[in-house]
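Chain by chain, the residues run as shown.
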Amino acid sequence: MTHPYKKAAVPDSKYHSAWAKHLPIALCCMCFALIGCTPPEEEPIWKDLKIGDLAPSQSGKQTSRLVESTNFNLHIFEMPSDNIDKLDSVRKTLFTKNLRYQSSHSFGANSFSVHFGQIRMWNETFTSILAAGAKQINKVSLMLTDDLPETISVARIDSPRTIFFTSTYGSREGANVGPGILALRLKTQKIPGLRGVCNVTAYPVYSPPMVKSTIPLLNAHTQRREFPFSAAAFGLRMGPGDFILLGPKEYVSDQTALGGMFFSNPEGSMFFSETERSTFEPKPAVRIFLLVCTRTNY
């Protein structure tokens, strides 16, 4: 046995010369074998690759998700003020039990009226409003996220004035405002533990001209000049297909009153003449709002 730290014994000269003699033949055989016996081709690494495998790695990256939001369509109508009684037949087919108010007494005292409907009632409600002589003057698509309100302009205010309203305490009060707009503000809020529905809050608000600034203090100052009329606020739970009909309880022509400014257009709009349907004539008008929930991403 050869000791591991000793050199191995050198073959004898006879054996060594025999190996040297046959070495060229062995090398030739190996060359022929390499040429004549090609190993099987390996399958390409992309053979079983799927398109999804080409996406970037998700490590260190948040997976995308839908923004939690609610989509609405707001239909705005005008109808002759003389036809406001025709809305009563439409309101009778809708509900009020699902609605919440800051003050139900003040809500009505400011000449606000709101009713709730569901998808099965939509076509009949929409058709009945048109049959009452109303015409759609605008349609606004909205996407609201939690606690980020949307403000929809209703009437322009060109000069300083006082808007009188009934407060939540039942007293008659006045809000001194400058040039700006009287608007409808909408807010949504997710309901913990429930999917497909959200809480919706709506109220009229005075808003001064908005000048977007990169200085947060200036934006905050503009918001402080707003005046929300919480006495006319209402809320309810809504899901896809649910809608509300918001309109005046009665016609108020006084443009210093909250209900009159929000719903009435004393200057009038052009409507078909009742005597000659082929002609138009100006008539004092009232505004009606139909807000429908079209989708929720909760």
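Residues numbered from 1 in each chain as written. Predicted model: local features only at pLDDT ≥ 70, side-chain atom pairs only at ≥ 80, totals over all residues. Heavy atoms only, no water.

Draft legend 1. Highlighting the overall build of the protein chain. Along its length, the protein chain carries six helices and 14 strands. Per-residue burial over the protein chain gives 38% buried out of 298 residues. Summarising the internal contacts of the protein chain: among those between residues at least 6 apart in sequence, 73% fall at separations of at least 24. Taken as a whole, the protein chain presents about 19,100 Å² of accessible surface, with 56% of it coming from carbon and sulfur. (Helix = DSSP H or I, 4+ residues; strand = E, 2+ residues; numbered from the N terminus. Buried < 20%, exposed > 50% of the residue type's maximum accessible area, 1.4 Å probe, protein only. Contact = heavy atoms within 4.5 Å. Areas by Shrake-Rupley, 256 points an atom, 1.4 Å probe, with all protein chains shown as cover.)

Draft legend 2. Inspection of the nonpolar core at higher detail. If you look at the biggest cluster of nonpolar residues, it comprises 39 residues, and the most contacted ones within it are F234, L246 and F262. Setting aside its immediate chain neighbours within four residues, F262 contacts F112, V154, L182, A183, L184, P204, L246, R287 and F289. The next biggest cluster of nonpolar side chains, apart from the first, holds 18 residues, and it includes M79, W122, I288 and V292. (Core = buried A, V, L, I, M, F, W, Y, C linked by side-chain atoms within 4.5 Å.)

Draft legend 3. Representation of the pattern of salt bridges within the structure. Using the criterion set out here, one finds five salt bridges in the structure. The partner of R156 in a salt bridge is D158, and the shortest N-O contact between them spans 3.1 Å. (Salt bridge = Lys/Arg side-chain N within 4 Å of Asp/Glu carboxyl O.)

Draft legend 4. Highlighting the packing of aromatic side chains. On inspection of all chains with the given rule, the structure shows 16 aromatic pairs. Seen in terms of ring centroids, F107 and F234 are 5.8 Å apart; in terms of plane orientation they differ by 75°. Their pairing is edge-to-face. One end of the pair, F107, is in helix α3 (residues 104-109); the other, F234, is in strand β11 (residues 234-238), and 127 residues separate them in sequence. The same class applies to F107 as to F234, namely buried. Geometrically, the ring pair formed by W122 and F126 is tilted, given 5.6 Å between the ring centres and 45° between the ring planes. Here W122 and its partner F126 are both found in helix α4 (residues 122-131), four residues apart, which amounts to about one turn of the helix. In this pair, the class of W122 matches that of F126, namely buried. Positioned above the aromatic ring of F95, the side-chain terminus of K97 is 6.0 Å from the ring centre. Over the face of the ring belonging to F271 we find K135, whose NZ or CZ atom lies 4.9 Å from the ring centre. (Phe/Tyr/Trp six-rings, centres within 6.5 Å; stacked < 30°, edge-to-face > 60°. Lys NZ or Arg CZ within 6 Å of the ring centre and 35° of its normal.)

Draft legend 5. Molecular detail of α4. Considered for burial, the residues of α4 that qualify are W122, T125, F126 and I129. In a view along the axis of α4, the buried residues occupy a sector of 95°, so they form one face of it. Facing away from the buried side of α4, by more than 90 degrees, are the exposed residues N123, E124, T127 and A131. Just downstream of α4, G133 is the residue with a positive phi angle, here 95°. (Arc of directions from axis to C-beta.)

Draft legend 6. View of the side chain of R287. Counting through the fold element by element, R287 comes out in strand β14 (residues 280-296). Of note is the side chain of R287, whose polar atom sits 3.3 Å from the backbone oxygen of S264. The contacts of R287, once residues within four sequence positions are left out, are F77, E78, V154, A155, G247, P248, M261, F262, F263, S264 and N265. (Polar contact = N/O pair within 3.5 Å; in protein donor to acceptor, adjacent residues only side chain to side chain.)

Draft legend 7. Broad picture of a nonpolar patch on the surface. On the surface, M270, F272 and F280 cluster together into a nonpolar patch covering about 300 Å² of accessible area. As for its placement among the helices and strands, F280 is situated in strand β14. (Patch = residues over 30% accessible without salt bridge, like charges linked within 9 Å, V, L, I, M, F, W, Y side chains within 5 Å.)

Draft legend 8. Looking closely at the confidence of the model for the protein chain. Scored by pLDDT, the protein chain comes out at a mean of 82, with 72% of its residues at no less than 70. Per-residue pLDDT stays below 50 along residues 1-17; that stretch engages in two contacts with residues further than four places along the chain or on separate chains. pLDDT under 50 marks residues 31-64. Its contacts with residues more than four places away, or in other chains, come to three contacts. (pLDDT = per-residue confidence, 0-100.)

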